[in-house]
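Now for the letters of each chain:
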Amino acid sequence: AQTVTQSQPEMSVQEAETVTLSCTYDTSESDYYLFWYKQPPSRQMILVIRQEAYKQQNATENRFSVNFQKAAKSFSLKISDSQLGDAAMYFCASAVSSGSRLTFGEGTQLTVNP
Amino acid sequence: KAGVTQTPRYLIKTRGQQVTLSCSPISGHRSVSWYQQTPGQGLQFLFEYFSETQRNKGNFPGRFSGRQFSNSRSEMNVSTLELGDSALYLCASSLKGSYGYTFGSGTRLTVV
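Calculation notes
- Residues numbered from 1 in each chain as written.
- Chains lettered and ligands numbered in written order.
- Predicted model: local features only at pLDDT ≥ 70, side-chain atom pairs only at ≥ 80, totals over all residues.
- Heavy atoms only, no water.
- Pairing = 2+ DSSP bridges.
- Helix = DSSP H or I, 4+ residues; strand = E, 2+ residues; numbered from the N terminus.
- Axes fitted to C-alpha atoms, helices over the stretch in contact; angles between N-to-C directions.
- Phe/Tyr/Trp six-rings, centres within 6.5 Å; stacked < 30°, edge-to-face > 60°.
- Buried < 20%, exposed > 50% of the residue type's maximum accessible area, 1.4 Å probe, protein only.
- Contact = heavy atoms within 4.5 Å.
- Disulfide = S-S within 2.5 Å.
- Polar contact = N/O pair within 3.5 Å; in protein donor to acceptor, adjacent residues only side chain to side chain.

**Q** Help me out: how do you make sense of the sheet that holds strand β7 (residues 64-68) of chain B in this one?
**A** Sheet strands pair via backbone hydrogen bonds, and the direction of the pair is either parallel or antiparallel. All names here are of chain B. Ordered by their spatial adjacency, 4 strands build an open sheet running β1-β3-β8-β7, and the pairing between neighbours is antiparallel. Strands at the two margins of the open sheet, each flanked by one partner only, are β1 (5-7) and β7. When the angles between neighbouring strand axes are averaged without regard to direction, this sheet yields 20°. Two elements, β1 and strand β3 (residues 19-24), share 3 bridges in a ladder whose sense is antiparallel. Within the sheet, the bridge partner assigned to Gln-6 lies in β3 and is Cys-23.

What follows is the structure in structure tokens.
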């Protein structure tokens, strides 16, 4: 079974600053994916970034990057140059590569202050 | 390319009734999954369908069921509704499994 833990229920950041959201996970699988999803008030879950566990290089998507520490089972999300539109609930999730279900963490509510 | 479409957006039902939610996946996507989101339990996996077959099921009672049609559209049904079934129900579709799920905007179900 997979578990995902987000220990920060809420975070805030000033516009244009950098913020890091934490996530730890546990799995007995050797081949898996890790994800960060964003859920704004519109409710739709939007994929922010994805990491394949077999890749050592940390994934990057524009202002979003991850710090993937496989041995520590840690997968944090860094948002650089934060924008007002980044305000949302952020979910960390994992999935077995051969499977079909996502296991989500509890979520972190990010507030961006102007 | 159209996204994942869920209907209806909002629904109010009475305890004991049944409800059917619909999900139209992205064209070409054959995998459809359903999740329940509540403030107390967070996001929980309900089930996944691929080519009309249920491939994976979460830990929910038998009142929760689903199906997938030949055009990959999926429905989920909840019978004998309970107050605790009030939740946001999210559908996600993918070409193949967990690698690239795209979510819909959900159906907000309120049971009174």
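**Q** Explain the packing of aromatic side chains to me, please; I cannot follow it from the model alone.
**A** How two aromatic rings sit relative to each other is given by the distance of their centres and the angle of their planes. Inspection of every chain in the model, using the stated rule, returns 14 aromatic pairs over all chains. Ring centres of Phe104(A) and Tyr35(B) lie 5.6 Å apart, and the angle between their planes is 90°; on these two criteria the pair is classed as edge-to-face. Here Tyr35(B) lies in strand β4 (residues 31-38) and Phe104(A) lies in strand β11 (residues 103-104), a pairing that spans two chains. Side by side, Phe104(A) and Tyr35(B) carry an identical accessibility label, which is buried.

**Q** What exactly am I supposed to notice about the environment of Thr103(A) here?
**A** Residues and elements named next belong to chain A. Residue position: Thr-103 is located in strand β11. Taking C-alpha positions, Thr-103 is 8.5 Å from Cys-92, a pair spaced 11 residues apart along the chain. If we ignore the near neighbours within four places in the chain, the residues touching Thr-103 are Gln-2, Thr-3, Val-4, Cys-92, Ala-93 and Ser-94.

**Q** How should the state of the cysteines be read in this particular structure?
**A** In this structure the tally under the stated criterion is 2 disulfides over all chains. The residue that forms a disulfide with Cys23(A) is Cys92(A), at a sulfur-sulfur distance of 2.0 Å. Because the sign of the S-S torsion sets the handedness, a value of about -70° for the bond joining Cys23(A) and Cys92(A) places this disulfide among the left-handed ones. With Cys23(A) in the loop between β3 (19-21) and β4 (24-26) and Cys92(A) in strand β10 (residues 88-96), the pair connects residues that are 69 residues apart, well separated along the chain. Judged by relative accessible area, Cys92(A) falls into the buried class, the value being 1%. Covalently, Cys23(B) is tied to Cys91(B) through a disulfide, its sulfur atoms 1.8 Å apart. Between Cys23(B) and Cys91(B) the disulfide shows an S-S torsion of about -60°. By sign, it is left-handed. Here the residue Cys23(B) occupies a position in strand β3, and Cys91(B) occupies one in strand β9 (residues 87-94), the gap between them amounting to 68 residues. Across the pair, Cys91(B) and Cys23(B) agree in class, each one buried.

**Q** Would you mind showing me how to read the environment of Ser74(B) here?
**A** Residues and elements named next belong to chain B. Along the chain, the position of Ser-74 falls in strand β8 (residues 74-78). Given the relative accessible area of 0%, Ser-74 is considered buried. On a C-alpha basis, the gap between Ser-74 and Tyr-10 in space is 17 Å, while along the polypeptide they are 64 residues apart. Here the side chain of Ser-74 touches Trp-34 through a polar contact of 2.9 Å, side chain to side chain.

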